[in-house]
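A structural walkthrough
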Amino acid sequence: MTIPLVVVGCGGHGREVLTIARAVNAAADRPRWQLLGFLDDRPAEENLKRVQRLDVPHLGGLDWLRDAPTDTHHVIGIGDPRVRRAVGQRLDRYATPAASLVHPAATIGPDIEHGPGFVAFAGARVTTNVTIGRHVHLNQNATVGHDSVLADYVSVNPLAAVSGDCQLAEGVLIGTTAAVLQGLRVGRDSTVGAGACVVRDVPEGVVVKGVPAR
């Protein structure tokens, strides 16, 4: 049975999330997801044109879910962790559940726990004994090592590496090609800049960048 699905956000990240759902369908004997369309309160005109070229409609704003059938699932296609959290908190008002999407070209190892809304892009790698919260996004070719804990709304951007036994608190963003070394902690709502190397714990609410990250 196919499950009705809407993607929240028709920007570039949301359109990439749509391609994951399509890849899941293509890899299955029978399609898992019935792709209904995109939800976006204030879509840019250019993004509406791009969505149209994907042959998937813009259905309206988030309030579309108020009257949606209860079997309709949603997935948040927004890259910024803090914006994704605000949207997720709003979506919690509705009865529709959050879908998790794992691209067929992602590798998810044994003893991995994840919350609803988890999205793993193509090439993402999660090794073993990892705990992942709600609405966490692992982008293309990102890696997460053993025994790590990623709290809700974390984003690990393309080619970033989270080593073993790390803890990323809620809302953390790990930038493209950044690295977090073994056993370190990154505090709530902190950002690790692109290409940075984290060699010590990062407090909450800060931006660190460079090698070593400061």
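Residues numbered from 1 in each chain as written. Predicted model: local features only at pLDDT ≥ 70, side-chain atom pairs only at ≥ 80, totals over all residues. Heavy atoms only, no water.

**Let's talk about the sheet that holds strand β20 (residues 191–192)**
- Strand order in this open sheet of seven strands is β5-β8-β11-β14-β17-β20-β22, and the pairing throughout is parallel. Every other strand in the sheet has two partners, leaving β5 (101–102) and β22 (207–208) as the edge strands with one partner each.
- The sheet contact formed by strand β8 (residues 119–120) and strand β11 (residues 137–138) spans two bridges and is parallel. By the bridge assignment, A120 is partnered in β11 with L138. (Pairing = 2+ DSSP bridges. Helix = DSSP H or I, 4+ residues; strand = E, 2+ residues; numbered from the N terminus.)

**Side note on the nonpolar core**
- Of all hydrophobic cores here, the largest spans 31 residues; its most connected members are I132, L138, L150, V156, L168, I174 and V192.
- Apart from residues lying up to four places away in sequence, I174 is in contact with S155, V156, N157, A160, L168, V180 and V192. (Core = buried A, V, L, I, M, F, W, Y, C linked by side-chain atoms within 4.5 Å. Buried < 20%, exposed > 50% of the residue type's maximum accessible area, 1.4 Å probe, protein only. Contact = heavy atoms within 4.5 Å.)

**Details of the packing of aromatic side chains**
- Tallied over the entire structure, the rule returns zero aromatic pairs.
- Just above the ring of W33 sits the side chain of R32; from NZ or CZ to the centre is 4.8 Å. (Phe/Tyr/Trp six-rings, centres within 6.5 Å; stacked < 30°, edge-to-face > 60°. Lys NZ or Arg CZ within 6 Å of the ring centre and 35° of its normal.)

**Here we look at the environment of L150**
- Relative to the helices and strands, L150 resides in strand β13 (residues 149–150).
- A residue is classified by how much of its surface remains accessible, and L150, at 1% relative accessible area, is buried.
- For the pair L150 and A21, spaced 129 residues apart in sequence, the C-alpha separation works out to 23 Å.

**Regarding helix α1 (residues 12–27)**
- Taking 1.5 Å as the rise per residue, α1 with 16 residues should run 22 Å; its terminal C-alpha atoms sit 23 Å apart, in good agreement.
- Listed as buried for α1 are H13, G14, R15, V17, L18, I20, A21, A23, V24 and N25. (Expected span 1.5 Å × (residues − 1).)

**Side note on the pattern of salt bridges**
- Considering all chains together, one arrives at 10 salt bridges under this definition.
- Put simply, D63 and R90 hold a salt bridge, and the shortest N to O gap is 3.3 Å. Here the residue D63 occupies a position in the loop between β3 (58–60) and β4 (73–76), and R90 occupies one in helix α3 (residues 81–91), the gap between them amounting to 27 residues.
- Note that D92 is salt-bridged to R134, the shortest N-O span being 3.0 Å. Of this pair, D92 sits in the loop between α3 and β5 while R134 is found in the loop between β10 (130–132) and β11, placing the two residues 42 residues apart along the sequence. (Salt bridge = Lys/Arg side-chain N within 4 Å of Asp/Glu carboxyl O.)

**Concerning the side chain of T191**
- Here T191 is to be found in strand β20.
- Ignoring any residue separated from it by four or fewer positions in sequence, one finds T191 in contact with R82, L173, V206, V207 and V208.

**Some remarks on the sheet that holds β3**
- Reading across the sheet, the four strands line up as β3-β2-β1-β4 and stay open at both edges, with parallel pairing between neighbours. Edge positions in the open sheet fall to β3 and β4, since each of these has one partner strand only. Ignoring strand direction, the axes of neighbouring strands in this sheet form an average angle of 40°.
- Pairing of strand β1 (residues 3–8) with strand β2 (residues 33–39), which is carried by six bridges, proceeds in the parallel orientation. Paired with L5 across the strands is L35, a residue of β2.
- Across the sheet, α1 is in contact with β1, β2 and β4; its angle to β2 comes to roughly 170°.
- Contacts between α3 and the sheet are confined to β1 and β4, with β4 contributing the most and set at about 165° to the helix. (Axes fitted to C-alpha atoms, helices over the stretch in contact; angles between N-to-C directions.)

Keep in mind that these numbers describe shape and distance, not what the molecule does.
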